[in-house]
Amino acid sequence: MKENYKQRKNIGVLGGTRFIGHHLLWALHNRGHKIHIFNRGITKLPGSIPPNIKLTYGDRNHPSDLKHFFKNKFDAVIDLSGYSLHHVEPIARKYRQYIKHYIFCSTTSVYSLPLPLKFKESKSRTKVPDTYGWNKSRIEDFLFEIHKRTKWPITILRPHGVFGKYDASLLSYVFYRLRNSVPILFQNKNNKKINFLYVKDLVNAFLLAMNNSKSYGKVYNVAGDDITSQKEYIEMCGKIAKKNPIFYNFDNNKYNKYNKADIGLEWPKYNLVADNSRIKHDLRLRFTPM
């Protein structure tokens, strides 16, 4: 990854002690940046965090807590924990003069379903109220409106199917069954495609966007290059584990009926393949092969 900065920076991270944030903190630390975290301090850490990190405890549902965090000025703030408009609006309206660049972690759940293969950032977004994707979409609209009106530098990333250490996602289910020679539930009528994202590639996206004027006012899908189906995914894991998968075929309708019991590996009901050409062109981000 080509670095787009040279000097040490003061970076604020909202959230940052779970999965994605944990990897991000170490990446920032290893590049010599000063790091200041804002979170509630109630989540069990997946591992040790870098030394000399400044921490402000607070709850974003209580905007007055933010005043302690924004006694500082930041070269960039990376927001990993903004889930509702009331989490982000106080920052943009009251504290943006303390932030040179605001990077918001959104999601590809903002898009309306079904999706075309390799959907671009311009694809229409969900209008289903009070959903995770709808809430993130409202935040996006608000940030773009602020950027258009004030020229405040903002960047929005839409991660897609993130996996990696501390959150293996579907992989843990597959490898457990491979190791123990347990049949893997296989939706034999579902040949939908998806492209996953390795967590360290997402971290690199944050780093490449940070204080990079090419990213200002932009939104980016962040998803890997490799497109896979459920069967290909399981077979790939089998090759890695040197185990032949035992497939148990089942009817999708019956699976959906009993899915509330969490009987196994759920695969998307629609193609979920995000186009990543914009971020590769603008920020020269390169993705780790599956």
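Computed from a predicted structure; not experimentally measured. (Residues numbered from 1 in each chain as written. Predicted model: local features only at pLDDT ≥ 70, side-chain atom pairs only at ≥ 80, totals over all residues. Heavy atoms only, no water.)

Asker: Explain the sheet that holds strand S3 (residues 54-57) residue by residue, including any values.
Answerer: If you trace the seven strands from one edge of the open sheet to the other, you get S3-S2-S1-S4-S5-S6-S11, paired in parallel fashion. Edge positions in the sheet fall to S3 and strand S11 (218-222), since each of these pairs with one other strand and no more. Sheet twist, expressed as the mean angle between neighbouring strand axes with direction ignored, is 20 degrees. As defined by bridge partners, strand S5 (residues 102-105) adjoins strand S6 (residues 154-159) across four bridges and the pair is classed as parallel. Residue pairing in the sheet places Phe104 in a bridge with Ile156 of S6. Contacts from helix H4 (residues 132-150) reach S5, S6 and S11 within the one sheet, and its direction differs from that of S6 by about 160 degrees. (Pairing = 2+ DSSP bridges. Helix = DSSP H or I, 4+ residues; strand = E, 2+ residues; numbered from the N terminus. Axes fitted to C-alpha atoms, helices over the stretch in contact; angles between N-to-C directions. Contact = heavy atoms within 4.5 Å.)

Asker: If you had to explain H4 to someone new, which residues and values would you point to?
Answerer: Taking 1.5 Å per residue, 19 residues should reach 27 Å; H4 reaches 27 Å between its end C-alpha atoms and fits that length. Within H4, the full set of buried residues consists of Gly133, Asn135, Lys136, Ser137, Ile139, Glu140, Phe142, Leu143, Ile146 and His147. Along its buried surface, H4 packs onto helix H3 (85-94), S5 and S6. Phi turns positive, to about 65 degrees, at Lys151, one or two residues after H4. (Expected span 1.5 Å × (residues − 1). Buried < 20%, exposed > 50% of the residue type's maximum accessible area, 1.4 Å probe, protein only.)

Asker: Tell me about unusual backbone geometry, residues and numbers included.
Answerer: At the junction of Leu113 and Pro114, the peptide bond is cis and its omega measures out at -5 degrees in the coordinates. Looking at the element boundaries, Pro114 is found in the loop between S5 and H4. Not every positive phi belongs to a glycine, and Asn52 is a case in point at roughly 65 degrees. Considering the arrangement of structural elements, one finds Asn52 in the loop between strand S2 (34-39) and S3. The backbone phi angle of Arg284 is positive, close to 60 degrees, even though this residue is not glycine. Here Arg284 lies in the segment after helix H9 (277-283).

Asker: Could you give an account of the packing of H3 against H4, naming the residues involved and the relevant values?
Answerer: Packed helices, taken two at a time, are described by their axes: the angle between them and the distance between them. At their nearest, the axes of H3 and H4 sit 9 Å apart, and the two run at 15 degrees to each other. Classified by the angle their axes make, H3 and H4 are roughly parallel. The interaxial crossing formed by H3 with H4 has right-handed handedness. Where H3 approaches H4, its residues Leu85, Val88, Glu89, Ala92 and Arg93 are matched on the opposing element by Arg138, Ile139, Phe142, Leu143, Ile146 and Arg149. (Parallel < 35°, antiparallel > 145°, perpendicular 65-115°, else oblique. Left-handed = near helix turned anticlockwise from the far one by under 90°.)

Asker: Outline the pattern of salt bridges, supporting the account with residue identities and numerical values.
Answerer: On inspection of all chains with the given rule, the structure shows 13 salt bridges. Among the charged side chains, a network of salt bridges with common partners joins Arg125, Glu140, Asp141 and Arg158. (Salt bridge = Lys/Arg side-chain N within 4 Å of Asp/Glu carboxyl O.)

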